[in-house]
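Analysis of the macromolecular model
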Amino acid sequence: MKKFDRAYFWLVVPFVAALISIGRVWPVLPAVMQDEYVYSMQARFTPFAEQLYPNYLFSWLYSGTSGCGAGFYQCGKSLNVFFFFVTLAFIFLIAHRLLSVTWGAMIAAVAAFSPIHVYVSYFMPEAMYFAFITATIYVALIAGAKHKLVWWIAAGAMLGLSALVKPHALFTLPAFALFAVLISLRSEGGSLGKGLVAGLGNLVAFAVVKFGGGFAFAGAAGLSLFGSSYSASFDQFVNQSAGAGAGAGVSAPVAAGTGSPVVAAEASGPGFFDVFVPHSLAHLALLLTVAGIPLMLSVSVIKDALIKKQQVSAASQFLLLAGLLSVSFAFVVGAFEGVVTALGDDHSSRIITRYYEFMFPLLAITGAVFAKFVEPKVRVRLIQAAVIIAATIFGWVYLSGVNQSFADSILLSGYLSSPAVIPIICVIGIAIALVWIFSANAGSKVIVYVATPLVLLIAGFSSQSYLLSQVGTQEAYFDVAGQVAKEKLADVAGDKIMIVGPVRYQNFTTKFWIDKPFIADATIPDGSKLTGEGFADYDYLITIGNIEFSSAAEIVAQDQGYSILKLIH
């Protein structure tokens, strides 16, 4: 019988770290509106065929939270906690393939404190998506070791399942397919033919699961990449920030069950390349601030895999995949932001990293693996350091001017949470680059033991603090308004309720707590005086803030900051 390795006791550390992180964000109130409301309505009240967000696996599983009644939000968080632990488990398993049990446990602990833990508090697919995509990476690494077509098919199938949780998993498809081709090409007895078969098997498996699963859930409506309408999909999937408003004069598509138009705007402002170029560089800069030198090494591994006819070791395979995913996300997400800006929804000041924030803890593994690949040539180290310093300075300047939003980027929210954070992060990156130039040995140790973990911890704790300071755990008047309305209007259909208030995310928070589909809302200036005109289709009006209603109405409930009125027609 194999002797038990006592090093596994170190797994207690990431478990405790996860509990601490969960405990901090568990009581946070709904934070990302309109997203959390839309995902709740789609998962729990909208038929699959009518969902504009094809998050079918997420909707199927989280629809069960309706069985929790008024506690649906806490039940959703419970599922998030489960998937958070699954994500940490796969991060450990990936690390353990290349490193010791102790190292794997320490990396999982850093991951537990990293920005990804914040998603536990959201009624959104991210926690589930991170679990599925890290599982996909694990299966892809097994495929790289086994060199069997069945494993490449399994990796593609896992990616297809990930896309049924969150369709942005599609952004990783080029990286996984190219990884399959390169590893099969450079394996023992490998050839271009075997590489193409592996890549094709990966792509076909993804398509079968993604579209087959979509059809099984939603019929013909489930056969699209990003939703039932191409234009509506772009507006929906990236227009997910608190407080965004619809453009005037535009007929925007309505997300099923929300009673509100998905945000749209007239085509104006920056063009595609005005956003694509700086945003792609900004995404690369963000990734490089976490693990710059290791990612530079991964680029070298990609080059070697393309040019040199030699097998790729297990450690090199991980660096190869991390590099491919990083480059793919940087340019694909940058292009995505450019496209939606060109379509009219200006993203020139928004950097969206939540599609790939699962990568940041994995970069801690690249840092640890990197210690095995010290580049001895001073000239090469000088070039690498110069790239890192240039990217860091660019990131410092450019990212300091973008919107701070925990709807778009938890990592960047942490970086921008205080005027001191992003300069500290950048100074760390520049200092490491300089140490790397003069001493490869000292530089690699500082990267592994200090820099990468420190950056992740700073980002994790600062983003958590920002969320708590901006949203908090104490109910505001618009939270109370929704909770009271849920009780008072329990038998009223959602399409008979209208909410008006000065801030859009507050209106959506009230809708979230009422927990009914098809509630209408309108954003109007605080202090407005309303008459009965325009409310003929509604039986109840909820006002948020200092808004007066002068027509005949019966007060159902009223307190500081809100009124619930029964309209008398």
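Quick look at the structure, then. Quick caveat: nothing in here was measured; it's all calculated off a predicted structure.

All right, on to the overall build of the protein chain then. For the protein chain, the helix and strand inventory stands at 19 helices and seven strands. Relative to a compact globule of 569 residues, whose C-alpha radius of gyration would be 25 Å, the protein chain shows 25 Å and is just as compact. Projected onto the principal axes, the alpha-carbon positions of the protein chain cover approximately 80 × 55 × 50 Å. For the protein chain, with 569 residues in total, the buried portion stands at 58%. Summarising the internal contacts of the protein chain: among those between residues at least 6 apart in sequence, 75% fall at separations of at least 24. One way to put it: in the protein chain the 31 positive side-chain charges average out to a point 20 Å from where the 30 negative ones average out.

Attention now goes to helix 7 (residues 149-165). Over its 17 residues, helix 7 extends 25 Å from the first C-alpha to the last, a length consistent with the 24 Å expected when each residue adds 1.5 Å. For helix 7, the full list of buried residues reads Trp-152, Ala-155, Gly-156, Met-158, Leu-159, Gly-160, Ser-162, Ala-163, Leu-164 and Val-165. The secondary structure elements touched by the buried residues of helix 7 are helix 3 (56-62), helix 6 (126-146), helix 8 (173-186) and helix 9 (192-218).

With that settled, consider the packing of aromatic side chains. Aromatic rings considered in pairs are described by the distance between their centres and by the relative angle of their planes. Under the defined criterion, the tally for this structure stands at 42 aromatic pairs. For the pair Tyr-56 and Phe-217, a centre-to-centre distance of 5.9 Å together with 25 degrees between the ring planes defines the contact as stacked. Taken together, the residues span a long stretch of sequence, with Tyr-56 in helix 3 and Phe-217 in helix 9 at a distance of 161 residues. Where Phe-535 meets Phe-549, the ring centres are 5.8 Å apart and the plane angle is 85 degrees; that geometry is what we call edge-to-face. Taken together, the residues span a long stretch of sequence, with Phe-535 in the loop between strand 3 (529-530) and strand 4 (540-544) and Phe-549 in strand 5 (residues 548-549) at a distance of 14 residues. Each member of the pair Phe-535 and Phe-549 is classed as buried.

Scanning the model with the defined rule gives one disulfide in all. Disulfide partner of Cys-68: Cys-75, at an S-S distance of 1.9 Å. Between Cys-68 and Cys-75, the disulfide has an S-S torsion of -100 degrees and is therefore left-handed. Given the relative accessible area of 33%, Cys-68 is considered partly exposed.

What follows deals with the packing of helix 6 against helix 12 (residues 314-342). Contact pair helix 6 / helix 12: the axes reach a minimum separation of 10 Å and the direction vectors enclose 135 degrees. Classed by the angle they form, the pair helix 6 and helix 12 counts as oblique. Here helix 6 runs over helix 12; the crossing is right-handed. On the side of helix 6, the interface is formed by Tyr-129, Ile-137, Ala-140, Leu-141, Gly-144 and Ala-145, while helix 12 contributes Gln-317, Phe-318, Leu-321, Leu-325 and Phe-329. Its residues assigned to classes, the contact of helix 6 with helix 12 shows nine nonpolar, two polar and no charged.

How each quantity is defined
- Residues numbered from 1 in each chain as written.
- Predicted model: local features only at pLDDT ≥ 70, side-chain atom pairs only at ≥ 80, totals over all residues.
- Heavy atoms only, no water.
- Helix = DSSP H or I, 4+ residues; strand = E, 2+ residues; numbered from the N terminus.
- Rg over C-alpha atoms; globule rule 2.2 N^0.38 Å.
- Buried < 20%, exposed > 50% of the residue type's maximum accessible area, 1.4 Å probe, protein only.
- Contact = heavy atoms within 4.5 Å.
- Lys, Arg positive; Asp, Glu negative; His and termini not counted.
- Charge placed at Lys NZ, Arg CZ, Asp CG, Glu CD.
- Expected span 1.5 Å × (residues − 1).
- Phe/Tyr/Trp six-rings, centres within 6.5 Å; stacked < 30°, edge-to-face > 60°.
- Disulfide = S-S within 2.5 Å.
- Axes fitted to C-alpha atoms, helices over the stretch in contact; angles between N-to-C directions.
- Parallel < 35°, antiparallel > 145°, perpendicular 65-115°, else oblique.
- Left-handed = near helix turned anticlockwise from the far one by under 90°.
- Nonpolar A, V, L, I, M, F, W, Y, C, P; charged D, E, K, R; others polar.

Bear in mind that shape data such as this cannot, by itself, settle questions of function.
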